[in-house]
Amino acid sequence: QAPHPAVMDDVEGAFEETPRSHRDEVDVEEDLYPYCIVWTPIPGCTWCFPFIGHMGIGTADGQVMEFMGFGATKAPKGGLSFGPVCRYVQLRKDRVRRGTWDDAIHKAMAQATGRPHGGCISNCHSFVADCLHEMRYCGIPCWNWLSYLLAVWVFICGHFTTCPRTTVYLV
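Residues numbered from 1 in each chain as written. Predicted model: local features only at pLDDT ≥ 70, side-chain atom pairs only at ≥ 80, totals over all residues. Heavy atoms only, no water.

1. Let's talk about the nonpolar core
Burial of nonpolar side chains together is a common tendency in soluble globular proteins. Among the nonpolar cores identified, the biggest contains 30 residues, and Ile 57, Trp 101, Phe 127 and Leu 132 are the most heavily contacted of them. The set of elements that each furnish at least two residues to this core consists of strand S1 (36-41), strand S2 (53-58), strand S3 (64-67), helix H2 (101-112), helix H3 (124-135) and helix H4 (147-157). Ranked by residue count, the leading element in this core is H3, at 7 residues. Apart from residues no more than four positions distant in its own chain, Trp 101 is found in contact with Tyr 35, Cys 36, Ile 57, Gly 58, Thr 59, Ala 60, Leu 91, Val 96, Leu 132, Met 135 and Tyr 137. Core analysis: the next-biggest nonpolar cluster, separate from the first, contains 9 residues, Val 28, Val 64, Leu 80 and Val 85 among them. (Core = buried A, V, L, I, M, F, W, Y, C linked by side-chain atoms within 4.5 Å. Buried < 20%, exposed > 50% of the residue type's maximum accessible area, 1.4 Å probe, protein only. Helix = DSSP H or I, 4+ residues; strand = E, 2+ residues; numbered from the N terminus. Contact = heavy atoms within 4.5 Å.)

Have a look at this one:
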């Protein structure tokens, strides 16, 4: 059987080639979350406030991008910088109203370059909101004003990944 064609080329080292067979399907074992907002707990903070955690966004191929300060990057293998992805919400690519999903992520990553982490402002939530803002997801032109609603959205509508990863959330 012939190898699957690559979905996208490597752009400035941020994206890697991923086989087309992974497209649109979440693959927890391979840490591929296409068109998803992903979330992991932050030890201490999440224990006190269960909706607070670290989030990132999945490209069309499922690679996760995150903001940790001074720029957005590809998340480390195995999840996000604070731990494995525990929850996710898969969004619909047909709701992108401007450009493409990945173009919007690239643009938001470029805007985040050199931007320091600001705690309650300029953080992972605002990066994901900037991505949604750039693509005008669902026709909403002001996602960057709604960044903390993303946490509520993932908390209420998010799917848990696996039982072992979920125990990280509860412990």
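2. Description of the pairing of S2
Most of S2 sits inside the fold, with 6 of its 6 residues counted as buried. Of the two faces of S2, the one holding Gly 53, Met 55 and Ile 57 and the one holding His 54, Gly 56 and Gly 58 are both buried throughout. Relative to S2, S1 runs antiparallel, the two sharing 5 bridges. When the sheet's bridge partners are listed, Thr 40 is paired in S2 with His 54. Strand direction decides the pairing type here: S2 and S3, joined by 3 bridges, are antiparallel. Residue pairing across strands places Gly 56 opposite Glu 66, the latter belonging to S3. Here S2 folds back onto S3, and the loop between the two strands holds 5 residues, one of which, Gly 62, carries a positive phi near 100°. (Pairing = 2+ DSSP bridges.)

3. Brief notes about the environment of Asp 130
Looking at the secondary structure, you find Asp 130 in helix H3. On the accessibility criterion, Asp 130 (12% relative accessible area) is buried. For the pair Asp 130 and Ile 105, spaced 25 residues apart in sequence, the C-alpha separation works out to 8.3 Å. The residues contacting Asp 130, other than those within four sequence positions of it, are Ala 108, Arg 115 and Asn 144. Here Arg 115 takes part through its side chain, which lies 3.3 Å from a polar atom of the side chain of Asp 130. (Polar contact = N/O pair within 3.5 Å; in protein donor to acceptor, adjacent residues only side chain to side chain.)

4. Points about the pattern of salt bridges
Counted under the stated rule, the structure contains 6 salt bridges. Here Arg 92 makes a salt bridge to Asp 94, at a shortest N to O gap of 2.9 Å. Judged by its relative accessible area of 43%, Arg 92 is partly exposed. Between Glu 134 and Arg 98 there is a salt bridge, with the nearest N and O atoms lying 3.3 Å from each other. Remark: Arg 98 occurs in the loop between strand S5 (87-90) and H2 and Glu 134 occurs in helix H3; sequence separation between them is 36 residues. Look at Arg 98 and you get partly exposed, because its relative accessible area is 34%. Shared partners join several salt bridges into a network, and the residues in it are Arg 98, Lys 107 and Glu 134. (Salt bridge = Lys/Arg side-chain N within 4 Å of Asp/Glu carboxyl O.)

5. Digging into the confidence of the model for the chain
Scored by pLDDT, the chain comes out at a mean of 86, with 84% of its residues at no less than 70. Model confidence for the chain, summarised as mean pLDDT per element, is weakest for helix H5 (residues 163-170) at 74 and strongest for S3 at 97. The low-confidence segment residues 1-13 (pLDDT under 50) makes 23 contacts with residues lying over four places distant or belonging to another chain. (pLDDT = per-residue confidence, 0-100.)

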